[in-house]
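What follows is the residue order along each chain.
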Amino acid sequence: MQRTAIYPGTFDPITLGHVDVVRRGMKLFDRVVIGVAANPNKQPLFDLDVRLTMVRETFAAEAQVTAVAFSGLLVNLAHEQQAHAILRGLRAASDFEYEFQMATMNRRLDEDIETAFVMAREDYTFVSSRFIREISGMGGDVSELVPAAVLPFLKSVRQS
Ligand code: ADP
């Protein structure tokens, strides 16, 4: 049986912190499906299709990794993808409260889906999508913090 994990997030945009989480997940699971959440309540900077494109381009060379857009319940996506695990990353203690609530809620919704946490690489613990949007929006260089596929999209929003 193939071991599949869903890695859900907003990915607005995907960062090297996210990439690090996926790479760690690739060692634990046969397939990693990145679930790009529509999340309209978060009012993302990038449209869903752009966020999906940036994720797909980042992992174009990895057959083990795919990406899908989703809205609605994460456990439903997990069923659709025949995944038995949810992959999440932890940066600092501040991530824990929210992650703990989400994992507990998902367990209530489906007892058979396990949430697996991996720890970010130390050099990326300070990286968040919000930080990338803010720094890039003010003209700062984020080229060492995001995958190359993201740079042209950040540039295009700076110019608009
Ligand atoms: P969400 O809107 O669900 O928080 P994000 O795209 O911001 O989506 O994050 C998705 C997941 O990736 C979360 O588990 C988050 O803790 C984790 N994550 C984000 N940035 C990093 C990072 N730099 N290192 C490790 N994990 C991270």
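Residues numbered from 1 in each chain as written. Predicted model: local features only at pLDDT ≥ 70, side-chain atom pairs only at ≥ 80, totals over all residues. Heavy atoms only, no water.

**Student:** What should I look at first to understand the side chain of Thr-4 in this one?
**Tutor:** Relative to the elements of secondary structure, Thr-4 occurs in strand S1 (residues 4-9). Polar contacts involving the side chain of Thr-4 include one to the side chain of Arg-31, which spans 3.2 Å. Excluding residues that lie within four positions of it along the chain, Thr-4 makes contacts with Phe-29, Arg-31, Val-33, Gln-81, Gln-82, Ala-83, His-84 and Ala-85. (Helix = DSSP H or I, 4+ residues; strand = E, 2+ residues; numbered from the N terminus. Polar contact = N/O pair within 3.5 Å; in protein donor to acceptor, adjacent residues only side chain to side chain. Contact = heavy atoms within 4.5 Å.)

**Student:** Help me out: how do you make sense of a nonpolar patch on the surface in this one?
**Tutor:** Taken together, the side chains of Leu-73, Met-105 and Leu-109 present a nonpolar region at the surface, about 290 Å² in accessible area. Looking at the secondary structure, you find Leu-109 in helix H4 (residues 93-109). (Patch = residues over 30% accessible without salt bridge, like charges linked within 9 Å, V, L, I, M, F, W, Y side chains within 5 Å. Areas by Shrake-Rupley, 256 points an atom, 1.4 Å probe, with all protein chains shown as cover. Salt bridge = Lys/Arg side-chain N within 4 Å of Asp/Glu carboxyl O.)

**Student:** Please explain the pattern of salt bridges as it appears in this structure.
**Tutor:** Pairing is possible between side chains of opposite charge, provided their charged atoms come close. Inspection of every chain in the model, using the stated rule, returns nine salt bridges. With a shortest N-O distance of 2.8 Å, Glu-99 and Arg-88 are connected by a salt bridge. Here Glu-99 is found in helix H4, whereas its partner Arg-88 is found in strand S4 (residues 85-90), with eleven residues between them in sequence. Taken individually, Glu-99 and Arg-88 each receive the classification buried, so the pair is uniform in this respect. In this structure, Arg-121 engages Asp-123 in a salt bridge whose closest nitrogen and oxygen atoms are separated by 2.8 Å. With a relative accessible area of 34%, Arg-121 lands in the partly exposed category. (Buried < 20%, exposed > 50% of the residue type's maximum accessible area, 1.4 Å probe, protein only.)

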